[in-house]
Structures are given as structure tokens and as C-alpha cells.
Amino acid sequence: MAVVFKHNPLGFHKQAMPAALASMAAGKQGKFWEYHDKMFADQKGINPANLTKWATELGLDMAAFAKDSKDGALRKQIENEQRASVALGQRGTPAFLINGKALSGAQPFDKFKTIIEAELKAADAAIAGGTPLAQVHNVRVRANLAAKASVYIDSLIGGKLAKAAPKPKPKPRPVDRTVWKVTVDDHNPIKGNKDALVTIVEWSDYQ
Amino acid sequence: MKKENFVIGLIGVAVVFFLLGRFSISTTEKRKKADSSDEIAKAQTDAKENAGDGAKKDEAEEATGAVAGKGAVAAGANPAANLKAAALEKRPTPTVAPSPPAAARKGAGGSLNVVVSPRKGPETAKVTIIEISDFQ
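Residues numbered from 1 in each chain as written. Chains lettered and ligands numbered in written order. Predicted model: local features only at pLDDT ≥ 70, side-chain atom pairs only at ≥ 80, totals over all residues.

S.K.: So what exactly am I meant to see when it comes to the pairing of strand E2 (residues 128–133) of chain B here?
M.R.: A regular strand places its side chains on the two faces of the sheet in alternate fashion. With respect to burial, E2(B) is a largely interior element, six of its six residues being buried. Side chains Thr128(B), Ile130(B) and Ile132(B) of E2(B) all project onto a buried face; the interleaved residues Ile129(B), Glu131(B) and Ser133(B) project onto the opposite face, where all are buried too. Where strand E1 (residues 2–7) of chain A and E2(B) come together, six bridges link them in parallel fashion. In the sheet register, Ala2(A) faces E2(B), and the bridge partner there is Thr128(B). (Buried ≥ 20, exposed ≤ 12 C-beta atoms within 10 Å, placed from the backbone. Helix = DSSP H or I, 4+ residues; strand = E, 2+ residues; numbered from the N terminus. Pairing = 2+ DSSP bridges.)

S.K.: Help me understand the confidence of the model for chain B in this model?
M.R.: Reading fine detail from the predicted coordinates is not recommended where pLDDT is low. Residue and element names in this part refer to chain B. For chain B, per-residue confidence averages 60 on the pLDDT scale, and 34% of positions sit at 70 or higher. Per-residue pLDDT, averaged within each element of chain B, yields its smallest value for helix H2 (residues 54–75) (39) and its largest for E2 (96). Contacts from residues 39–77, a stretch scored under 50 in pLDDT, to residues over four places away or in other chains number 54 contacts. Segment residues 93–108: pLDDT under 50, and 14 contacts once partners within four positions in sequence are set aside and those in other chains are kept. (pLDDT = per-residue confidence, 0-100. Contact = placed C-beta atoms within 7 Å.)

S.K.: Explain the interface of chain A and chain B to me, please; I cannot follow it from the model alone.
M.R.: Interface size, as often reported, equals the accessible area lost upon joining of the parts. The partner chain B presents 25 residues to the 52 residues of chain A that form the contact. If you list the elements that add at least two residues to the side of chain A that touches chain B, you get E1, helix H1 (16–28), helix H2 (32–41), helix H5 (72–87), strand E2 (95–98), helix H6 (109–128) and helix H7 (133–145) of chain A. Of the residues forming the side of chain A that touches chain B, the biggest block, seven residues, is contributed by H1(A). Tallied by class, the residues present in the side of chain A that touches chain B amount to 31 nonpolar, 16 polar and five charged. Inspection of the sheet shows E1(A) paired to strand E1 (residues 119–120) of chain B by two bridges, in the antiparallel sense. Counted as the bridge partner of Val4(A) is Arg119(B) from E1(B). (Nonpolar A, V, L, I, M, F, W, Y, C, P; charged D, E, K, R; others polar.)

Written out as C-alpha cells, the structure is:
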């Protein structure tokens, strides 16, 4: 078994990109997983001050960390991983590709177990059929992702630039031309004259 | 009166013959020029195509020279064609810019990975989970 981490800092998570860059900067000093654990231990505490504090706690070279945290090449790598993830249909986080088989969101252990066991079986069958161990991952990815396998292999494994996925066109909504008569009864809360020339009817909830 | 008409008619016929003769000469010259230019252009194209290949390059140069000479012969007494052929002989053989080295080509479309993605477990694992996430 192996686990590989790829970034998808969502745009509406304002600290996600700085955090991704900081983790990669820590990774350049061999401390990615330690830094990763610190951030997941205090997700709400992710901010510029804590990103520096955690790096200090891990004993990182702070000058190199500060420089790498602003590295355009690292940012490009992160953005490419993000594009590849979208191209593979994984827009949210977390998302998992188990030998290419997708599992989206925070899922219970049993779901992982089922897929992992099925993949182990398939991998053993491939090896028994003559596939070299080094090729098993590619073979299973091609089997699980079919047409999208090249995006996975080129972008997530090979590090080549992933093409941006085309944005789905919103379907035009049919226009409802029904004319509704809104009655204002005595039991409706009302402010103002019942015979006012202009009446505003407000629909609302309280949250 | 009749004599005058006869003279005018004679002059008219002479003018027509003169014009026809001029037209015929210029057409022949144009055709010769065109033939010569086509052959020169063909030789240049062949030379360009063969320039990258060392063995074929010599043949191309020979072809250029031969056809340039042929152009001069075909043009005969045409000084413009002779000048063109002479200019072609002086012109260096066209060369194709050498293709960039393999390493440079690889760099252009090469790997984006500055840092190898963080991994736990062997490269040859039977099952690899790729976790795509942010930290927030």
C-alpha cells in the first residue's frame, strides 16, 4: 500500500493555498508529513502566524522555508495538481483515487476497505497474468479510469501540465409564465393600510 | 482619292503586322523566363529539403548549380535570366536551422514536479491511494 498526497486548495478556503505552499516548503526539507499532521490537528488555526510557528516547531531552516513558501514553481505544481483533480472529476476535498478508483468526501473506513481489498485482488490477478509489479499501478489505473487514465498518469504521476477541464454550461431554466394571485387575508401579519395603492408581500425565513 | 485610301490601307496592314510580331516575341521571352524560374525554384526547394541531410546536401548543391547553369542556357541571350542565374550561383546553399538538442525539447514539455509528491509506502505498491486535499 502507498499513499500519495496531491493538493487541491479550494478557492473559497482563503488559507488553503498558503497552507499548501507551506507544506511543500516543509516537504523540501523532508518534513511534509509532520507539517501536514500539525495543520490537520488545528485546521481552524491555519493562518500566516501559525504557519511560521509550526515550521519553527519542526526545526526547519526558516530562511529557506520563507523563500520556498513564495516559490512560483511550487505554486505552479500545486495549481497543476488542482487542474488535474478537476479534470478527473474531483472538485471537492478530500478526494481519493485508489488505483484510480474515485472515492469522494470523508468516507467511513469500510468504504476504503472494500475498494482496497478488491484492488489487491485485481493486482494479484494482474501479477499472476504476467504484469510486472512496477506496472501494476498503471494497469489498474487504466482499468479504473479508462479514457481519463492519461490525465492521471501524465499529470498526477508524470507532473505534466493538465488541461483545464471545460466548465459545464448551465442549462437554461424554462421560464415559468404562470401568473399567481397572491391573496392577503386577515390572518396575515400586515403593516399599513389594507387598501394601500402598493402592497409588498414578503416571503422569508429567520435564518 | 482612291490612291490615298490605298496608301492608308497599306500603312494599317503594316502596323498590324508590326504589333503581331512584337506580341509573339514578348510571349516567347516570357515563356523562356518562366521555364528558367520554375527550374531554379524547384532546385532551391530540393536543396532546402536535403540541406539537413549531410549525404543529400551535396546532391542538392549539385542540382542547384546544374539547374542554374541550365537556366542560363535556357535563357540564351536574355541578360536578366543570366544575371539571376549568376546571383543564384553566388548565394550560399540554404540551410535548415538545427533542431534543439533532445534535453532542451524534453524541458519544454517536461515534468512540472519541483518536489516529488509526498508519499508513504513503496513506489511499486499493489494499491496506491492518491489523496487530493487542501488543509482548511
